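Spelled out from the first residue to the last, the chains are:
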Amino acid sequence: MCNKKKTVIAGLMVIAMCLGACGHKQKENPYGPLVEKLGDEEAYAFLDMDYKNYVMVTSDGMYDTGAEKQAAVYCTVYYYGRDEFFELGTIMSDGTAYPISFSRDGIFAASGHSIEKYAVSKSGNELYLKKAVYIEYDENGNERYTSVTDGEEAKSNEEEYQKITEEYGKSQVIHFSYGADGCVNEIEF
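Residues numbered from 1 in each chain as written. Predicted model: local features only at pLDDT ≥ 70, side-chain atom pairs only at ≥ 80, totals over all residues. Heavy atoms only, no water.

What about the sheet that holds strand 14 (residues 184–185)?
Line of reasoning, step 1. Ordered in space as 6-5-2-1-14, the five strands form an open sheet in which the pairing is mixed. Two strands in the sheet have a free side with no partner beyond their single neighbour: strand 6 (84–92) and strand 14.
Line of reasoning, step 2. Pairing between strand 2 (residues 55–59) and strand 5 (residues 74–81): four bridges, direction antiparallel. Looking at strand 5, one finds that valine 55 is bridged to tyrosine 79. (Pairing = 2+ DSSP bridges. Helix = DSSP H or I, 4+ residues; strand = E, 2+ residues; numbered from the N terminus.)

So, in C-alpha cells, the structure goes:
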C-alpha cells in the first residue's frame, strides 16, 4: 500500500512541476491527465512550435546518439485543441541515424532514402504529411525522386531532396524527459 501512495504522490508532483516548468506558452497544462497515464518506460516532450498550444510527443524508444541524449526514432503525437487533446498519430524514422526532430512548423522523420515533414492541421485534430521527398532506384541503379506536398504527389529532383535534407539538418532533435525538468523543447537557433 505504501508504494502505491508513493507512486500517486510522485505522479502528482510530476504534474505540478510540469505545470510550472511548462506553463510559459499555455496558462494551464491540458496534457496533465495524459502525462499521468504514461507508463514507466514512456517519456514525453512538449514542442514549442507555431501553434497556439504545445505539441506533446511521447516515446518509449529513447536512445543516446552520442551527441544528443534522450532522442527517439519514433513518437506518438498529441495536440490540445477545442478543449480536449487528440492523439494524432505516430511518426517513425528508419533507424538511430535519423532521430525525430522538429522545427517551428513541422516534425521530421527520415531514412537513407526519404525525409518527411509532418504538421498539425488547423483544426488541431489531425497530423498530416506536409512535405516529403523520396528516392527510389530502378534495376540499373538510376535514381527517381518523388515528392509529396500537402497530399499531392509529384515528380521531383535531387535539388528538392537536398533542400529538405538541409531543412531536416537544421531542425532540432527532440529531447524526451521522464519528468517536468527539460520537458519543453524550444528552438535554439
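Here the narrative resumes.
A look at the packing of aromatic side chains
Line of reasoning, step 1. Counted under the stated rule, the structure contains eight aromatic pairs.
Line of reasoning, step 2. With a centroid separation of 5.9 Å and an interplanar angle of 65 degrees, the aromatic rings of tyrosine 51 and tyrosine 79 are classed as edge-to-face. Here tyrosine 79 lies in strand 5 and tyrosine 51 lies in the loop between strand 1 (43–47) and strand 2, a separation of 28 residues in the sequence.
Line of reasoning, step 3. With 6.4 Å between their ring centres and 75 degrees between their planes, tyrosine 78 and phenylalanine 85 make a pair best called edge-to-face.
Line of reasoning, step 4. With a relative accessible area of 9%, tyrosine 78 lands in the buried category. (Phe/Tyr/Trp six-rings, centres within 6.5 Å; stacked < 30°, edge-to-face > 60°. Buried < 20%, exposed > 50% of the residue type's maximum accessible area, 1.4 Å probe, protein only.)

Focus: helix 3 (residues 158–170)
Line of reasoning, step 1. The first and last C-alpha atoms of helix 3 sit 18 Å apart over 13 residues, in line with the 18 Å expected at 1.5 Å per residue.
Line of reasoning, step 2. Every buried residue of helix 3 is accounted for by Tyr161, Ile164 and Tyr168. All buried residues of helix 3 fall inside an arc of 70 degrees around its axis, so they share one side. For helix 3, the exposed residues lying more than 90 degrees away from the buried face are Glu159, Lys163, Gly169 and Lys170.
Line of reasoning, step 3. Turning to helix 3, the residues buried within the fold contact strand 7 (101–103), strand 8 (106–111), strand 9 (114–120), strand 10 (127–137) and strand 11 (143–149).
Line of reasoning, step 4. For helix 3, the capping residue at the N-terminal end is asparagine 157, with a side-chain oxygen 3.1 Å from the backbone nitrogen of glutamate 159. (Expected span 1.5 Å × (residues − 1). Arc of directions from axis to C-beta. Contact = heavy atoms within 4.5 Å. Polar contact = N/O pair within 3.5 Å; in protein donor to acceptor, adjacent residues only side chain to side chain.)

Details of the nonpolar core
Line of reasoning, step 1. Core analysis: the largest hydrophobic core is formed by 39 residues, its most contacted members being Val55, Val57 and Ile107.
Line of reasoning, step 2. It is strand 1 that provides the largest number of residues to this core, a total of five residues.
Line of reasoning, step 3. If you look at the next biggest cluster of nonpolar residues, it comprises nine residues, including Ala110, Val133, Tyr161 and Tyr168. (Core = buried A, V, L, I, M, F, W, Y, C linked by side-chain atoms within 4.5 Å.)

Structural notes on unusual backbone geometry
Line of reasoning, step 1. Non-glycine residue arginine 82 carries a positive phi angle of around 55 degrees.
Line of reasoning, step 2. With respect to the helices and strands, the residue arginine 82 is situated in the loop between strand 5 and strand 6.
Line of reasoning, step 3. Here the phi dihedral of aspartate 150 falls at roughly 50 degrees; this positive angle occurs in a residue that is not glycine.
Line of reasoning, step 4. When you line up the elements, aspartate 150 lands in the loop between strand 11 and strand 12 (152–155).

Observations regarding the sheet that holds strand 13 (residues 172–173)
The strands that make up a sheet pair up through hydrogen bonds in the backbone, lying either parallel or antiparallel.
Line of reasoning, step 1. With antiparallel pairing, the seven strands of this open sheet are ordered in space as 12-11-10-9-8-7-13. Edge positions in the sheet fall to strand 12 and strand 13, since each has one partner strand and no second.
Line of reasoning, step 2. Two elements, strand 10 and strand 11, share seven bridges in a ladder whose sense is antiparallel. In the strand pairing of strand 11, isoleucine 135 is matched with tyrosine 145.
Line of reasoning, step 3. Helix-sheet contacts for helix 3 involve strand 7, strand 8, strand 9, strand 10, strand 11 and strand 13, and the interaxial angle to strand 10 is about 125 degrees. (Axes fitted to C-alpha atoms, helices over the stretch in contact; angles between N-to-C directions.)

What to know about the pairing of strand 5
Line of reasoning, step 1. For strand 5, a buried count of six out of eight residues is recorded, marking the element as mostly surrounded by other parts of the structure.
Line of reasoning, step 2. Two elements, strand 5 and strand 6, share eight bridges in a ladder whose sense is antiparallel. The residue bridging tyrosine 80 from the neighbouring strand is phenylalanine 85, located in strand 6.
Line of reasoning, step 3. The hairpin formed by strand 5 and strand 6 contains two residues between the paired strands, and arginine 82 there has a positive phi angle of roughly 55 degrees.

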